[in-house]
Amino acid sequence: MLRKRGFMYELVKNRLMFIMLLPALIFFLVNSYIPMVGIYYAFTRFDFNTSLFNSEFIGFENFKFLWRSGILKRLTLNTLGYNLAFIVLSNVFAIALAVLVSELKLKWFKKLTQSVMFLPYFISFVILSVIVYNLFNYENGFLNTTLEALHMEPIDVYNTPWVWVPLIIIFYLWKNIGYSMIIYLAAITGISEEYYEAAKIDGANIFQRVWHITIPMLKTTFIVLLLFALGSIMKGQFDLFYQLVGNNGVLYNATDILDTYVYRSLKVTFDMGMATSAGLYQSAFGFVLVMTVNYIIRKINDEYALF
């Protein structure tokens, strides 16, 4: 007989469950774990004229170059800065909009509002880039055409780096805020009406009900979404940045993030070692950050921690 509580005992006892789990395990093994062998390239000067594992081993030279050149610092600040803005602003606006929509009394208008705000989430980043180009193109974009009609000087948006900081944040919120709002709206729907009825009896107005009942009840949802967002805080919405900015070197200081740098190192400069170094740094930094934040939250309130 198989020893109870051992792995083989559990495997035999729950063999159907393990068989159902097998496709997922194979998927992550092939797509997530086997490619981790490529970490080795971060410590080499990759040469396309040699075999995959026959390039010159140079230790931490790639990391030293990224740090000393200031590239790593700029990429880290840009990636963290944009993602923090995305996380904070999207959650704040999503909660505010969810509260407003939940207070609407006309059902048809409520459904229409949800649909209109959720629609941008399904729009491709490629289509978004076309919209943005037609808005800000220097020669015949909508912005400069309007300015010329008003006898004002046109603005060269694609050669003005600082303009893209608020623009990227605005377009991210426009595209994703509807999705976050639906999540918070579902959480609000699950709040018992008895709380609101009791508050009304006690004389609380709508603002007091929202502040003392709705907002506190959304705290758990907010923390869970925050932790999930922090899990990818070092991933900078590659599609958004690449489609809006592309390979415009003038805008790199304000818009370049780790994802776009890795892509450009692979596809433009063909520097496998530098791209792998930046990617490894991105993963390691993100892992440490998530573990740290989860540890702090677990110390404050164990119920809100992911693990």
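Residues numbered from 1 in each chain as written. Predicted model: local features only at pLDDT ≥ 70, side-chain atom pairs only at ≥ 80, totals over all residues. Heavy atoms only, no water.

**Focus: the environment of F53**
Looking at the secondary structure, you find F53 in the loop between β1 (44-45) and β2 (56-57). Sequence-wise, F53 and Y158 are 105 residues apart; in three dimensions their C-alpha atoms are separated by 41 Å. Discounting residues that sit within four places of it in the chain, F53 has contacts with V37, Y40 and Y41. (Helix = DSSP H or I, 4+ residues; strand = E, 2+ residues; numbered from the N terminus. Contact = heavy atoms within 4.5 Å.)

**Examining the nonpolar core**
Ranked by size, the top nonpolar core spans 23 residues in total, and within it F86, V132, W164, I168, L240 and L244 carry the most contacts. When contributions to this core are tallied by element, the ones reaching two or more residues are α4 (71-102), α6 (125-136), α8 (164-189) and α12 (238-245). Of all the elements, α8 adds the most residues to this core, at seven residues. Filtering out sequence-adjacent residues up to four positions away, W164 remains in contact with Y82, V132, V157, Y158, L244, L251 and T255. Judged by nonpolar contacts, the second largest core, of 20 residues, contains I87, Y261, A275 and Y281. (Core = buried A, V, L, I, M, F, W, Y, C linked by side-chain atoms within 4.5 Å. Buried < 20%, exposed > 50% of the residue type's maximum accessible area, 1.4 Å probe, protein only.)

**Some remarks on the packing of aromatic side chains**
In this description, an aromatic ring pair is defined by two values, namely the gap between the centres and the angle between the planes. For the structure shown, the criterion picks out 23 aromatic pairs. An aromatic cluster is present here, built from Y40, Y41, F46 and F57 joined pairwise through their rings. Positioned over the ring face of Y121 is K175, at 5.6 Å from the centre of the ring. Sitting above the plane of the F125 ring, K175 keeps its charged end 4.5 Å from the centroid. (Phe/Tyr/Trp six-rings, centres within 6.5 Å; stacked < 30°, edge-to-face > 60°. Lys NZ or Arg CZ within 6 Å of the ring centre and 35° of its normal.)

**Side note on a nonpolar patch on the surface**
A surface patch of nonpolar side chains, about 1100 Å² in accessible area, is lined by L21, L22, L25, I26, F27, F28, L29, V30, Y33, I34, M36 and I39. Looking at the element boundaries, V30 is found in helix α2 (residues 15-33). (Patch = residues over 30% accessible without salt bridge, like charges linked within 9 Å, V, L, I, M, F, W, Y side chains within 5 Å. Areas by Shrake-Rupley, 256 points an atom, 1.4 Å probe, with all protein chains shown as cover. Salt bridge = Lys/Arg side-chain N within 4 Å of Asp/Glu carboxyl O.)

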